[in-house]
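Residue-level listing of the chains:
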Amino acid sequence: MKYLVTGHQVIPGAGHSDQVNYLRAAKAWVKRHQDDGVLEAAFSFSDGGGMFIMNAASHADLMRLMLTFPLAPMTQWQVKPLMDFEESSDIIIETLKPFS
């Protein structure tokens, strides 16, 4: 299953050096999960926070994965399951066929 995961840091690091260390660890986490195919895309927002497109077998697996993100304890997340556009369109078309 694919997920759109957005988040923003709600608790800052204790100081600039702490924040730098968290971000270095986060960069390594992103790279590792891009390499293993779990993370399809990672982007930052210019006003803070960012988003991931993640692959996970279940909601529980996604939760386990996100808890390993170095900034997880300081981040507020929003998660939306994603569906292939063509497949979702076909489902809607099929469902509405009797009414059109």
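The shown structure was predicted, so the numbers you read here are calculated from the model rather than taken from an experiment.

Draft legend 1. Spatial organisation of the UniProt feature "domain: Muconolactone isomerase" (unreviewed entry) in the protein chain. Feature annotation in UniProt places "domain: Muconolactone isomerase" (unreviewed entry) on residues 1-86, given in this structure's numbering. Each end of residues 1-86 is marked by a C-alpha atom, and these two atoms are 15 Å apart; helix forms 35% of the span and strand 33%.

Draft legend 2. Region of the structure containing the packing of aromatic side chains. A complete count under the given rule lists five aromatic pairs for this structure. Summarising the aromatic geometry, the rings of F52 and W77 are spaced 6.3 Å apart at their centres and angled 35° between planes, so their arrangement reads as tilted. With F52 in strand β3 (residues 50-55) and W77 in strand β4 (residues 75-82), this pair connects stretches of sequence that are 25 residues apart. A relative accessible area of 9% means that F52 is categorised as buried. Relative to W77, the ring of F69 has its centre 5.6 Å away and its plane inclined at 70°; by these criteria the two rings are edge-to-face. Joined through ring pairs, the aromatic side chains of W29, F52, F69 and W77 make up one cluster.

The rules we used
- Residues numbered from 1 in each chain as written.
- Predicted model: local features only at pLDDT ≥ 70, side-chain atom pairs only at ≥ 80, totals over all residues.
- Heavy atoms only, no water.
- UniProt positions renumbered as here; feature names shortened; annotations may be inferred.
- Helix = DSSP H or I, 4+ residues; strand = E, 2+ residues; numbered from the N terminus.
- Phe/Tyr/Trp six-rings, centres within 6.5 Å; stacked < 30°, edge-to-face > 60°.
- Buried < 20%, exposed > 50% of the residue type's maximum accessible area, 1.4 Å probe, protein only.

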